[in-house]
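Coordinate analysis (summary)
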Amino acid sequence: MPVRRRLLAAAVTAAACLGAQALPATTALAADEVVSRGVTVPAFYDPPAELPAADGALVRTEPLKQAAGLPGRATRLMYKSTDSAGGPMAVTGAYIEPSAGWRGGGSRPLVVVAPGTMGQGDQCAASLGLEHPLTLNGTTVSVGYEDVAIHRLLATGAAVVVTDYAGLGTTDRVHTYVNRVDEAHAVLDAVRAARSLDGASVTSASRVGLFGYSQGGGATAAAAELQPSYAPDVTLAGTYAGAPPADLTPVTKAIDGSELAGALGWSLTGFLQSDPSLRPLAEASLNARGRAALADLSTMCVGDALLAHGYARSTAWTADGRSVSDIIAATPRFRAFLDSQRIGTMRPSGPVRVATGTADDLVPHGQARRLAVDWCRQGADVTYEAVVLPGVGSALLNHFAPLLTDQGEAVSWLTDRLSGKRASSNCWSMPLQP
């Protein structure tokens with residue numbers, strides 16, 4: 001099959017099973033309104049000049065139209081958080097008060113949904129995907145794929161809050177893709193924001209669960225590690241981390257040349273947003289084509305990246321023809337930055353469930369399994385699930401197939417934790433697990 005047709009097939013499949021949000025460079029429309037690839041980002045997403053002092057404090061709210069048919073009442077949120085440099089940042093998201101009653105023990109619990117990879121353009125935010133689960137504009141398609149998991153969680157009677165992460169939706173900064181600290185803080189502060197929302201049934205007594213796959217799995221894993229130091233007021237009943245990118249060194253190598261090679265551009269752009277001191281090194285390493293690719297990708301969602309940059313190799317982006325992974329390996333500053341993003345160096349709070357597809361070669365299975373091993377060695381309460389599926393010749397499908405096949409089990413496991421049932425760690429079985 002020609003490359004273009006394979007990419008088109010991958011994009012269509014992604015729209016169906018991963019929810020690519022593909023939307024047609026960002027231009028200013030007015031002082032408080034932005035158009036990104038043909039999509040007007042509501043003025044709500046433009047943060048004010050001054051933010052509250054307290055992390056998790058609400059900045060603004062408004063009712064969220066429910067084109068996704070969510071079984072509950074949805075509210076769009078903007079709340080204050082702290083970025084990895086210690087500075088204040090605004091984060092958007094959405095809270096859904098379920099129509100169903102909670103069927104477990106205790107008061108209604110709260111689940112934070114940390115979205116999987118959406119892209120880097122502001123129009124890719126998961127909260128916008130709740131309002132517009134499917135957008136077709138003639139050239140691109142947008143699918144809010146996290147809506148499926150959100151529906152399943154709401155059906156249990158748990159309240160759900162979705163975070164958009166740092167700079168995804170909010171128009172004042174670039175999304176710091178896979179920055180573990182930014183993501184963890186956004187997840188934990190979403191709990192605080194939901195608790196303070198007028199009309200929400202959740203309180204400080206509500207059990208809290210975290211739910212995420214892929215980028216979301218890394219975000220929830222990082223949040224479980226950072227909760228004791230960053231958010232001691234948030235007690236975690238359980239954390240689901242599916243296909244977590246815990247070690248970015250092998251992940252960076254794996255995505256290079258894959259259908260989702262664009263994620264390499266999102267990572268690099270996010271790194272430079274997080275640590276501007278890396279910019280001179282990056283500029284010296286990239287050629288004009290590489291710089292143009294990063295600028296292009298910074299406004300793209302998954303579907304756009306599949307079609308425009310699928311199977312791209314970073315050797316075409318660099319000044320000397322080396323891959324980005326080779327340049328990182330040869331540059332101590334780059335290596336140190338990636339090492340600082342490693343998840344697994346701290347014991348997570350509460351029980352955790354790590355799931356990874358054994359055929360996953362996009363967010364490599366080996367590094368996700370290593371996260372479980374690292375946590376087990378630190379005495380954590382770990383439930384490890386190796387999702388055994390055959391490889392199908394597509395890194396994208398090898399990565400996202402476990403999302404679909406394991407999601408029901410993941411929801412059930414988390415529901416049990418929210419009901420007060422104890423988890424049974426299977427760390428003892430790790431030597432036998434694939």
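The structure presented is a predicted model; accordingly, all values stated were derived computationally and were not measured.

A volume near 170 Å³ is recorded for the second largest pocket. If you trace the second largest pocket, you find it lined by Val 174, Thr 269, Leu 272, Gln 273, Arg 279, Ala 282, Glu 283, Leu 286, Arg 291, Leu 294 and Ser 298. For the lining of the second largest pocket, the per-class residue count stands at five nonpolar, three polar and three charged.

Evaluation of the coordinates by the stated rule reveals two disulfides. The partner cysteine of Cys 124 in its disulfide is Cys 301, sulfur to sulfur 2.0 Å. Handedness of the Cys 124-Cys 301 disulfide follows from its S-S torsion of about -100 degrees: it is left-handed. Within this pair, whereas Cys 124 is found in the loop between strand E7 (110-114) and helix H2 (126-131), its partner Cys 301 is found in the loop between helix H9 (288-297) and helix H10 (302-309), the two being separated by 177 residues in sequence. Accessibility assignment for this pair places Cys 124 and Cys 301 in one class, buried. The disulfide bridge from Cys 376 ends at Cys 427, spanning 2.0 Å between sulfur atoms. Judged by the sign of its S-S torsion, about -85 degrees, the bond between Cys 376 and Cys 427 is left-handed.

With mixed pairing, nine strands are arranged side by side in an open sheet as E4-E5-E6-E10-E7-E11-E12-E13-E14. A strand with exactly one partner marks an edge of an open sheet, and here the two such strands are strand E4 (58-63) and strand E14 (382-387). Direction aside, the axes of adjacent strands within the sheet are offset by 20 degrees on average. Against the sheet, helix H5 (residues 215-230) contacts strand E5 (72-82), E7, strand E10 (159-166), strand E11 (208-213), strand E12 (236-242) and strand E13 (352-357), and its axis sits at roughly 150 degrees relative to E12. Strands in contact with helix H14 (residues 395-418) are E7, E11, E12, E13 and E14; relative to E11, the strand with the most contacts, it is inclined by about 175 degrees.

Relative orientation and spacing of two packed helices are given, respectively, by the angle between their axes and the distance between those axes. Contact geometry for helix H4 (residues 180-195) and H5: axes closest at 7 Å, N-to-C directions at 70 degrees. What the angle tells us is that H4 and H5 run roughly perpendicular. In this structure, H4 uses Arg 180, Val 181, Glu 183, Ala 184, His 185, Val 187, Leu 188, Asp 189 and Arg 192 to contact H5, whose residues at the interface are Gln 215, Gly 218, Ala 219, Ala 222, Ala 223, Leu 226, Gln 227 and Tyr 230. When its residues are assigned to classes, the contact of H4 with H5 shows nine nonpolar, four polar and four charged.

Now for the pattern of salt bridges. Under the definition given, this model contains 15 salt bridges. For Arg 108, the salt bridge is made with Glu 97, and the minimal N-O distance between the two is 3.6 Å. Residue Arg 108 is located in the loop between strand E6 (88-98) and E7, and its partner Glu 97 is located in strand E6; the two are separated by eleven residues in the primary sequence. Neither residue differs from the other here; Arg 108 and Glu 97 are each classed as buried. Shared partners join several salt bridges into a network, and the residues in it are Asp 247, Arg 342, Arg 370 and Asp 374.

Here the focus is helix H12 (residues 332-340). Of all the positions in H12, only Phe 334, Phe 337 and Leu 338 are classed as buried. Projected down its long axis, H12 shows its buried positions confined to an angular sector of 95 degrees, all on one face. Turned more than 90 degrees off the buried face of H12, the exposed positions are Pro 332 and Asp 339. Of the surrounding elements, those touching the buried residues of H12 are helix H6 (248-255), helix H7 (262-274), helix H8 (279-285) and helix H11 (324-330).

About the thresholds
- Residues numbered from 1 in each chain as written.
- Predicted model: local features only at pLDDT ≥ 70, side-chain atom pairs only at ≥ 80, totals over all residues.
- Heavy atoms only, no water.
- 1 Å grid on protein atoms, 1.4 Å probe; cavity = no way out; pocket = protein on both sides within 12 Å on 5 of 7 lines; lining within 4 Å.
- Points joined across faces, edges and corners; volume = space filled by probe spheres on them.
- Nonpolar A, V, L, I, M, F, W, Y, C, P; charged D, E, K, R; others polar.
- Disulfide = S-S within 2.5 Å.
- Helix = DSSP H or I, 4+ residues; strand = E, 2+ residues; numbered from the N terminus.
- Buried < 20%, exposed > 50% of the residue type's maximum accessible area, 1.4 Å probe, protein only.
- Pairing = 2+ DSSP bridges.
- Axes fitted to C-alpha atoms, helices over the stretch in contact; angles between N-to-C directions.
- Contact = heavy atoms within 4.5 Å.
- Parallel < 35°, antiparallel > 145°, perpendicular 65-115°, else oblique.
- Salt bridge = Lys/Arg side-chain N within 4 Å of Asp/Glu carboxyl O.
- Arc of directions from axis to C-beta.

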